[in-house]
Structures are given as C-alpha cells and as structure tokens.
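So you can see what is in the structure, the chains are spelled out below.
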Amino acid sequence: MRFDCHQHLWPPALVTALRERDAMPYLRDWTLYLAGESPYRVDPAAHDVERRRAAEHADRVLVSLSSPLGIEHAPDGAELIDIWHASALGLPDPFHLWAAASVAEPDPAALARVLREDRVAGLQLPATALGSPDALGHVAPLLEVLERSGKPLLVHPGPAPAEAGELPGWWPALVPYVAQMHRSWMAWHVAGRARHPALRIAFVALAGLAPLHHERLAARGGPAFTPDPDVFYETSSYHSDAIAALARVVGPAAVVHGSDRPYAEPLDPLAFHGGYFTANPSRLLQDPSSGTNHT
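Reading guide: rules and limits
- Residues numbered from 1 in each chain as written.
- Predicted model: local features only at pLDDT ≥ 70, side-chain atom pairs only at ≥ 80, totals over all residues.
- Heavy atoms only, no water.
- Helix = DSSP H or I, 4+ residues; strand = E, 2+ residues; numbered from the N terminus.
- Rg over C-alpha atoms; globule rule 2.2 N^0.38 Å.
- Buried < 20%, exposed > 50% of the residue type's maximum accessible area, 1.4 Å probe, protein only.
- Contact = heavy atoms within 4.5 Å.
- Areas by Shrake-Rupley, 256 points an atom, 1.4 Å probe, with all protein chains shown as cover.
- Lys, Arg positive; Asp, Glu negative; His and termini not counted.
- Charge placed at Lys NZ, Arg CZ, Asp CG, Glu CD.
- Expected span 1.5 Å × (residues − 1).
- Pairing = 2+ DSSP bridges.
- Axes fitted to C-alpha atoms, helices over the stretch in contact; angles between N-to-C directions.
- Salt bridge = Lys/Arg side-chain N within 4 Å of Asp/Glu carboxyl O.
- Polar contact = N/O pair within 3.5 Å; in protein donor to acceptor, adjacent residues only side chain to side chain.
- Core = buried A, V, L, I, M, F, W, Y, C linked by side-chain atoms within 4.5 Å.
- Phe/Tyr/Trp six-rings, centres within 6.5 Å; stacked < 30°, edge-to-face > 60°.
- Lys NZ or Arg CZ within 6 Å of the ring centre and 35° of its normal.

A. Expanded view of the overall build of the protein chain. A tally of helices and strands in the protein chain yields 11 helices and 13 strands. Scaling as 2.2 N^0.38, a compact globule of 295 residues should have a C-alpha radius of gyration of about 19 Å, and the protein chain matches this with 18 Å. Dimensions along the principal axes, computed over C-alpha positions, put the protein chain at roughly 50 × 45 × 40 Å. Expressed as a percentage of its 295 residues, the buried residues of the protein chain come to 52%. In the protein chain, once contacts between residues fewer than 6 apart in sequence are set aside, the share between residues at least 24 apart is 71%. Carbon and sulfur atoms make up 55% of the accessible area of the protein chain, which amounts to about 12,700 Å² in all. For the protein chain, the separation between the mean place of its 23 positive charges and that of its 33 negative charges on side chains is 3 Å.

B. Region of the structure containing helix 3 (residues 77-88). Over its 12 residues, helix 3 runs 16 Å from end to end, which matches the ideal 16 Å to within 8%, given 1.5 Å per residue. For helix 3, the full list of buried residues reads G77, L80, I81, W84, H85, S87 and A88. The elements touched by buried residues of helix 3 are helix 1 (12-19), strand 5 (60-63), strand 6 (95-99) and helix 4 (108-115).

C. Just the sheet that holds strand 3 (residues 31-34), in detail. Taken together, the three strands give an open sheet; going across it, the order is 2-3-4, and neighbouring strands pair in antiparallel fashion. What marks the edges here is a single partner per strand, and that holds for strand 2 (26-28) and strand 4 (37-41). For this sheet, the mean angle separating the axes of adjacent strands, direction not counted, is 25°. Relative to strand 3, strand 2 runs antiparallel, the two being bridged by three bridges. Paired with R28 across the two strands is T31, which belongs to strand 3.

D. Up close: the sheet that holds strand 1 (residues 3-7). The parallel open sheet is built from eight strands, whose spatial order is 1-5-6-7-8-9-10-11. Edge strands, defined here as strands with exactly one partner in the open sheet, are strand 1 and strand 11 (255-256). Two strands pair when backbone bridges link them, and strand 10 (residues 231-234) and strand 11 are joined in this way by two bridges, in the parallel orientation. Note that in strand 11 the partner of E234 across the bridge is V256. Strands in contact with helix 4 are strand 6 and strand 7 (120-126); relative to strand 7, the strand with the most contacts, it is inclined by about 145°.

E. Local environment of the pattern of salt bridges. In this structure the tally under the stated criterion is eight salt bridges. Across the pair D76 and R21 runs a salt bridge, and its minimum N-O distance is 3.0 Å. Placement of the pair is D76 in the loop between strand 5 and helix 3 and R21 in the loop between helix 1 and strand 2, with a sequence separation of 55 residues. A relative accessible area of 10% places R21 in the buried class. Note that R41 is salt-bridged to D29, the shortest N-O span being 3.6 Å. With R41 in strand 4 and D29 in the loop between strand 2 and strand 3, the pair connects residues that are 12 residues apart, well separated along the chain. Counted as one network, the salt bridges with shared partners bring together E56, R261 and E265.

F. The pairing of strand 3, seen in detail. The turn linking strand 2 back onto strand 3 is made up of two residues, and D29 within it adopts a positive phi angle of 55°. Relative to strand 4, strand 3 is paired through three bridges, and the arrangement is antiparallel. In the sheet register, T31 faces strand 4, and the bridge partner there is R41. Between strand 3 and the antiparallel strand that follows it, strand 4, lie two residues.

G. Expanded view of the environment of A279. Note on placement: A279 falls in helix 11 (residues 279-285). According to the relative accessible area criterion, A279 is partly exposed, its value standing at 44%. For the pair formed by A279 and V256, sequence separation is 23 residues and the distance between their alpha carbons is 8.7 Å.

H. Representation of the side chain of D260 in the model. Relative to the elements of secondary structure, D260 occurs in the loop between strand 11 and helix 11. Within the buried core, D260 has no salt-bridge partner, and the shortest N-O distance to an opposite charge, that of R52, equals 8.5 Å. Only 3.2 Å separates the side chain of D260 from the side chain of H8, close enough to count as a polar contact. D260 has contacts with H6, Q7, H8, H156, S236 and S237, leaving out every residue within four places of it along the chain.

I. Up close: the nonpolar core. In this structure, W10, L125, L153, F203 and Y233 are the most contacted members of the largest nonpolar core, which totals 86 residues. Take this core: its biggest share by element is six residues, from helix 8 (residues 176-195).

J. How the structure looks around the packing of aromatic side chains. Tallied over the full model, the rule gives five aromatic pairs. R19 extends its terminal NZ or CZ atom over the ring of W30, reaching a point 4.7 Å from the ring centre.

Right, here's the structure in full:
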C-alpha cells in the first residue's frame, strides 16, 4: 500500500463553518483571513472532494485540519474540531484522517471517542503546543490517551505570529513554521520520549531539519542524539537534498512520504526510496501491541 501521510482537504461543512465566523480564522467567499498571514485566496478546486480523489495515486491519503488556522488554540475551537471530525469521517476512500484536539481546553475523553474510529489514523497537534517541556506537560492528558490507543502523533506547524511590517507571502512557511518544528523536535528529544515511552510520533516538514543540528546540540552540552525507531520525519515541501541529508542522520527507515497537498505536490515514488511510501508509513501507523493496522 502506498501512503501520503499529510494532505489538507476541507469538507463543505468546514468551509461553511469558517464562512460563518467573525473572529479569525474565517473565510469570506474563498479568501482566508489569519492573524499572522496576509489574506490568502483559496483555490476552490483544491477542496473539491471528487476532483482531489480523481487526482490521487496513493492508496491511502491522510488528511488533517490545517493547524496554521489556529483552531486548536482558539477558545471556541472545539466546535470547529467537532465539525472537522464529523465531516472528514464522511470522506470517501482513499481519504482517512488525523484527529484534532483543542489545546486551549484539552478534552481527553472527547479525543478517546474519536480515536476509536477506524478511519482515524491518530492525532495531529500544532507544533506551537509542543514547543517546550512545559508545553508537553500541558497536553500530556491528550498524549496519554493517544499512547493508550496505540495510534501515532503527527506534529504540524501551528499559526504564525502576527508581525509588524510588510513580509513576503512565503515568510510564514520558511521562518516561523520551520522554527516551530525545530522547537517541538527539541522539546520531544529533551522531555517527550521519557514521558511517553510507547508513543510513535511523526514531524512534518522533516522536523524543520532539527536532527541535522545534533552536532551543535552536543557541542553546547545538550543530550546525546541517537535515532529513535518510533520517531518519523515526513517529507512535505522538501526534495532530494534535504531528504538525503536527513536520512543520513536518522536512517532511511524513519522517513515517511507526505505531500502537504494542495500546497505542494507528492514526490515521485520512482525517484526516492520505496520505503518512504510503503513500509515506513506502515510502521508509523501500526499498533505493535495488537498486530492490526489502524488505517
């Protein structure tokens, strides 16, 4: 089975809910408004379910709530998260989903109910909720439920901060998003694994290339780095140079394919290690205690 572990697809019910909001995030027609980014014109075709389905070559596509929207951090985010789950669970194959959870008011019981759904691969959380050991402690009730479920965690960039002055449109993706992934990986390396020894975790965008800093980490007195067989690195927005560099440090078995479609396109499976698309995602998504694949 060939996997794409990271895409975004907004079901019609979520689009409607975003249009009905007055506080960010919200949509006006197809223009998206976020606190830390310029208004973004969304392509309606990118969220046309049948068109997206026809374009897929992967056998299993895992879609998630777009964490840069900031819904997980919003005081009223739980309602939108419920709409996400209800509508995304109705998507046809090959689409399965990552669950979402409020980090403003964590609700472990609600998460446990969603994780029981077969079409739910695991939980996605924004990197902005995992950026320090203390932050990991705040979301620990969610991570404990996830760990008991045997399903994995996907760490995705969260909302970009509002900044003064005019910045190019690509700035959030290249500066705050990458820094968030770097912070969350460092926090996990320092404190996460000790607290959650059985949790499998994947960092999108190659964790902001944080593992490549392991030599500097050692030089500055940080904890030694050795590859963790239950930590995975998703490829979205990167290509040959970055993927090869990271695989040399963490091992090719830790790399899983994800495209971030519709914001980027899938990699060509003929140009990369086949395990990135098949065996490695299967290990990420597998519950070793039960022998069953949750996707």
